[in-house]
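Residue-level listing of the chains:
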Amino acid sequence: MSGTSAALQPPADAAKPVRHPEAPAPGELLGAHYGQCFGCGGEQPHGLHLAARAGEGVSITAEFTVRPAHQGAPGLAHGGVLATALDEALGSLNWLLRTIAVTGRLETDFVRPVPVGTVLHLQAEVTAVAGRKIYCTATGRVGGPDGPVAVRADALFIEVKVDHFVDHGRQEEIQAAMSDPDTVRRARAFEVNP
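As recorded by an unreviewed UniProt entry, the protein carries the name Acyl-coenzyme A thioesterase THEM4 and is attributed to Streptomyces atrovirens. Quoted straight from UniProt, the Sequence similarities (unreviewed entry) entry for the protein says "Belongs to the THEM4/THEM5 thioesterase family."

Shown next, in the form of structure tokens:
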């Protein structure tokens, strides 16, 4: 990405990312954080309903269809919605590391307009890890997974403990997520932005 700020450049001693041995297998659907997540939840009528799949190494692929509720200018996706799609894809990478992390910084380049009705094909990967900092990058393409780039982003995620959500979230929703008998959904519920 051109013009990436220094805050998104991994330090010289950053480690290569390592996929957790219990991470979902390549091709496996990652599922939603929880039903009300705007990015991936099925219970959000105007949400993105982004579906991410584990890729090779520490990477994911995802798709979402731009609907009329996602437009800014007439017939075109809103830039904030496109940034949200990139952020959601980038956040899904943390599932492959099996860590809880939140977005610390997101820099987005808008390369070409994305019309309503378009399927945006997203690819994201972790590029480096330095302590609690996770550096990653993503692209969104139109016309297929190898089509022209429409949007791209670099991001810095910060590893946090579940207390971050307990201290700042709504108590009843936190309790519901923590009480979910499905361990995978319970863990995924805390892969959200700050």
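The rest of the description comes next.
1. Some points on the environment of Val102
Take Val102: it is sitting in strand E3 (residues 101-110). Once the C-alpha coordinates of Val102 and Phe157 are considered, the two residues, 55 residues apart in sequence, prove to be 5.3 Å apart.

2. Examining unusual backbone geometry
Of note in this structure, His49 is not a glycine but carries a positive phi near 55°. Secondary-structure assignment places His49 in the segment before strand E1 (51-54). Even without a glycine there, the phi angle at Arg98 is positive, about 60°. Its location among the elements puts Arg98 in the loop between helix H1 (79-97) and E3. For Arg98, a relative accessible area of 36% corresponds to the partly exposed category.

3. Structural notes on the side chain of Thr99
With respect to the element layout, Thr99 can be found in the loop between H1 and E3. A polar side-chain atom of Thr99 sits 3.2 Å from a polar atom in the side chain of Glu159. For Thr99, the residues in contact, after removing those within four places along its chain, are Asn94, Ile134 and Glu159.

4. Remarks on the sheet that holds strand E4 (residues 119-130)
Strand order in the open sheet formed by six strands is E1-E2-E4-E5-E6-E3, with antiparallel pairing between adjacent strands. Each edge of the open sheet carries a strand with a single partner, namely E1 and E3. Direction aside, the axes of adjacent strands within the sheet are offset by 20° on average. Two elements, E4 and strand E5 (residues 133-141), share nine bridges in a ladder whose sense is antiparallel. From the neighbouring strand, Val129 faces E5, where its bridge partner is Ile134.

Rules used throughout
Residues numbered from 1 in each chain as written. Predicted model: local features only at pLDDT ≥ 70, side-chain atom pairs only at ≥ 80, totals over all residues. Heavy atoms only, no water. UniProt positions renumbered as here; feature names shortened; annotations may be inferred. Helix = DSSP H or I, 4+ residues; strand = E, 2+ residues; numbered from the N terminus. Buried < 20%, exposed > 50% of the residue type's maximum accessible area, 1.4 Å probe, protein only. Polar contact = N/O pair within 3.5 Å; in protein donor to acceptor, adjacent residues only side chain to side chain. Contact = heavy atoms within 4.5 Å. Pairing = 2+ DSSP bridges. Axes fitted to C-alpha atoms, helices over the stretch in contact; angles between N-to-C directions.

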